[in-house]
Amino acid sequence: MNLLNELKRRKVLQVAAVYASALFAILEAVDVGIEALGVPAGVLRFVTILGVAGFPVALGLAWLFDLGRGGIRATAPARTEEGRAELAAAEEASLLDTRTLLIAGALVVFGLGLGAGWVLNPPPGTGDPDGELAIAVLPFENRSAEDEAIFFVDGIHDELLNRLSGIGALRVIARSSVMGYRDDPKPLTVVASELGVQTVLQGGVQRAADQVRVSVQLVDAATGTQLWAESYEETLSPVRLFAIQRDVSQRIAVALQAELTPGEATAIADVPTESQAAYDAYLRGKRDYFADDFDSAAEHLADAVAIDPGFASAWARLSVAHSSMYLFFMDRSDARLEAARVAAERAVALSPGSADGHVAMGQYHYVAFRDYTRALASLDRAAALSPSGYDGTLLRAAILRRMGEPVASTEAFSHAVSLDPLGVNAVSNLATSLLVARVYEAAIPDLRRALELSPGWPQYAVSLASIPAWRDGDLEAYRVRLDSLTEWEDPQGFIAVARWESAYLDRDVARSDEVLATWGVDVLEFQTYHYPVDLLHGLIRLAAGDPGAARPHLDDAIGALERNLEEAPDDPRLLASLGHAR
């Protein structure tokens with residue numbers, strides 16, 4: 001008996017070809033499911049083992065039984081008359097008949113189509129037309145019985161944002177652009193349009209005693225299709241909370257087909273603390289930091305690192321709180337700077353692969369010494385670790401502008417706006433960089449956008465009013481536009497200073513005196529300036545060519561500034577004004 005002819009007679013070769021082709025198509029389908037539908041990765045291994053184990057079983061059944069028009073029956077022995085007739089026919093037949101080739105070929109093509117994406121496309125609405133993957137994580141709903149638990153809910157939300165921001169394939173919208181939707185909810189189509197995304201994550205958190213429940217769903221905003229959803233119920237502990245955040249981040253990446261690098265996967269799985277008390281103190285510190293209460297934030301964050309000295313993220317945020325108090329003239333002491341340095345260095349030493357510590361170090365170098373080179377080195381490292389990290393992106397752009405790099409600064413601020421499209425800080429700073437680069441027409445839409453986002457803030461109206469002066473030398477148009485702002489509230493003195501500036505550019509002493517007489521204060525100051533009225537009286541008289549009349553005013557200003565410098569010897573606003581007075 002010829003074995004090959006016997007295999008053909010018993011249709012073992014046909015079964016082998018169809019089985020192998022079908023297994024190939026099934027494995028490709030499971031593989032696509034893992035990437036696009038969130039199927040657990042272990043399913044592929046299980047199906048592979050099952051398929052390989054089933055192969056000899058299928059061949060054995062083919063040898064013993066024959067499936068024909070009459071149903072399943074035992075294959076006739078070769079020595080019977082029926083068997084000899086079948087064997088004679090098999091000798092004349094090809095290895096595989098046409099039907100078998102067609103079935104096997106169709107299965108192989110189907111499998112190849114799955115693997116190449118011809119059959120199943122990625123979920124719609126997960127990226128922009130240029131292929132970018134963008135996501136907004138809306139504020140989580142507080143489903144706890146206590147309103148005070150909102151600090152915990154917002155903290156979980158922000159921590160998830162931070163983990164997603166470390167995925168290079170994703171553009172993650174910053175916290176400041178999404179938090180407004182808590183008090184002003186809108187249809188997802190509107191949210192997606194305003195933020196420039198196609199995918200939105202919604203969720204809620206319930207904390208009760210030692211239990212926590214987190215529910216999330218990923219939605220295609222254009223169609224309302226739920227791409228993925230999950231609920232987690234755990235005993236409250238940081239380890240379990242971080243495991244939830246890791247799983248959510250990984251499932252989002254899978255659903256959006258955002259490939260994770262090994263470093264990103266490691267960062268997502270990080271467990272920065274195992275202490276619930278330290279984690280609660282950390283989240284309270286972040287809550288106060290976002291409310292600009294830096295002093296209270298520093299107290300909570302100091303508690304967090306006292307409870308867990310190895311908590312790198314808390315050290316990083318503590319450093320930023322300290323340096324922010326120094327930057328915003330709340331505490332310009334050497335002790336405050338030293339606290340910022342120690343905390344930043346500790347954060348980097350504990351977790352060099354986390355962007356937080358490098359952002360803190362960058363802000364320290366910038367705030368303490370205006371050491372732009374070292375600050376940029378730290379922020380570049382942070383950007384590599386967290387491409388969607390908004391704080392580092394914004395600070396880096398600001399430093400580039402101070403370095404006299406308007407083009408690079410404009411590009412960096414444009415990236416910041418893409419991360420924070422509803423944040424007035426990024427939009428207004430982009431406009432300022434365009435003004436510095438003398439690209440006035442491009443700055444106008446951004447200034448108008450800043451006014452829309454913050455309608456009560458006169459600084460942007462002043463910047464718009466100043467464009468004719470700087471672009472065309474049209475001082476009259478500048479003055480007329482400033483005069484049209486009479487109804488604006490001006491607690492920071494932006495309009496007042498601009499009106500004096502307009503008089504100064506015109507060398508108009510009488511108008512300058514009129515403007516200064518309306519202030520009702522001896523000093524006008526803000527984060528970026530400290531102007532004694534006597535200083536401005538003296539400068540306008542110098543500009544008008546009357547140094548004799550200017551000198552008494554300037555001397556009075558010098559005396560006042562020197563007294564202030566005794567208490568704050570490194571205040572750059574005082575030093576700048578003293579330089580003008582002298």
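None of these values were measured; they are calculated from a predicted model.

A. Summary view of a negative patch on the surface. Together, D292, D293, D295, E299 and D303 line one region of the surface with negative charge. Mapped onto the elements of the fold, D303 is located in helix α12 (residues 294-307).

B. Region of interest: unusual backbone geometry. Of note, the phi angle at A209 is positive, near 55°, even though the residue is not glycine. Positionally, A209 belongs in the loop between β6 (199-208) and β7 (211-220). Judged by relative accessible area, A209 falls into the exposed class, the value being 71%. Despite not being glycine, F329 has its phi angle at roughly 65°, a positive value. By the secondary structure assignment, F329 is in the loop between α13 (312-327) and α14 (334-350).

C. Inspection of helix α25 (residues 533-543) at higher detail. Burial runs high along α25: 8 of the 11 residues are buried. Listing the buried residues of α25 in full gives V533, L535, L536, H537, G538, L539, I540 and R541. In this fold, the buried residues of α25 make contact with α23 (494-506), α24 (509-517), β9 (523-526), β10 (529-532), α26 (547-567) and α27 (572-581). Two residues or fewer past α25, G545 is found with a positive phi of approximately 85°.

D. Quick look at the pairing of strand β8 (residues 225-235). One ladder, built from 10 bridges, connects β7 with β8; its direction is antiparallel. Following the sheet pairing, D220 is matched in β8 by T225. The antiparallel hairpin formed by β7 and β8 contains 4 residues in its connecting segment, where G224 sits at a positive phi of about 75°.

E. Broad picture of the pattern of salt bridges. Applying the stated criterion across every chain, the model contains 29 salt bridges. Linking D508 and R511 is a salt bridge whose minimum nitrogen-to-oxygen distance equals 3.5 Å. When salt bridges that share partners are traced, they join D158, E159 and K286 into one network.

F. Examining the pairing of β9 more closely. As defined by bridge partners, β9 adjoins β10 across 4 bridges and the pair is classed as antiparallel. Each residue of the ladder has a partner; that of L524, found in β10, is Y531. Taken together, β9 and the strand that follows it, β10, pair antiparallel across an intervening segment of 2 residues.

G. Broad picture of the packing of helix α22 (residues 475-483) against α23. Viewed as axis vectors pointing N to C, α22 and α23 meet at an angle of 155°, and their least axial separation amounts to 10 Å. One way to sum up the angle between α22 and α23 is to call them roughly antiparallel. Where α22 crosses over α23, the two elements pack in a sense that is left-handed. Contacts between α22 and α23 pair L475, Y478, R479, L482 and D483 from the former with A498, R499, E501, S502, L505 and D506 from the latter. Across the contact of α22 with α23, the residue classes break down as 5 nonpolar, 1 polar and 5 charged.

Analysis parameters
- Residues numbered from 1 in each chain as written.
- Predicted model: local features only at pLDDT ≥ 70, side-chain atom pairs only at ≥ 80, totals over all residues.
- Heavy atoms only, no water.
- Patch = residues over 30% accessible without salt bridge, like charges linked within 9 Å, V, L, I, M, F, W, Y side chains within 5 Å.
- Areas by Shrake-Rupley, 256 points an atom, 1.4 Å probe, with all protein chains shown as cover.
- Salt bridge = Lys/Arg side-chain N within 4 Å of Asp/Glu carboxyl O.
- Lys, Arg positive; Asp, Glu negative; His and termini not counted.
- Charge placed at Lys NZ, Arg CZ, Asp CG, Glu CD.
- Helix = DSSP H or I, 4+ residues; strand = E, 2+ residues; numbered from the N terminus.
- Buried < 20%, exposed > 50% of the residue type's maximum accessible area, 1.4 Å probe, protein only.
- Contact = heavy atoms within 4.5 Å.
- Pairing = 2+ DSSP bridges.
- Axes fitted to C-alpha atoms, helices over the stretch in contact; angles between N-to-C directions.
- Parallel < 35°, antiparallel > 145°, perpendicular 65-115°, else oblique.
- Left-handed = near helix turned anticlockwise from the far one by under 90°.
- Nonpolar A, V, L, I, M, F, W, Y, C, P; charged D, E, K, R; others polar.

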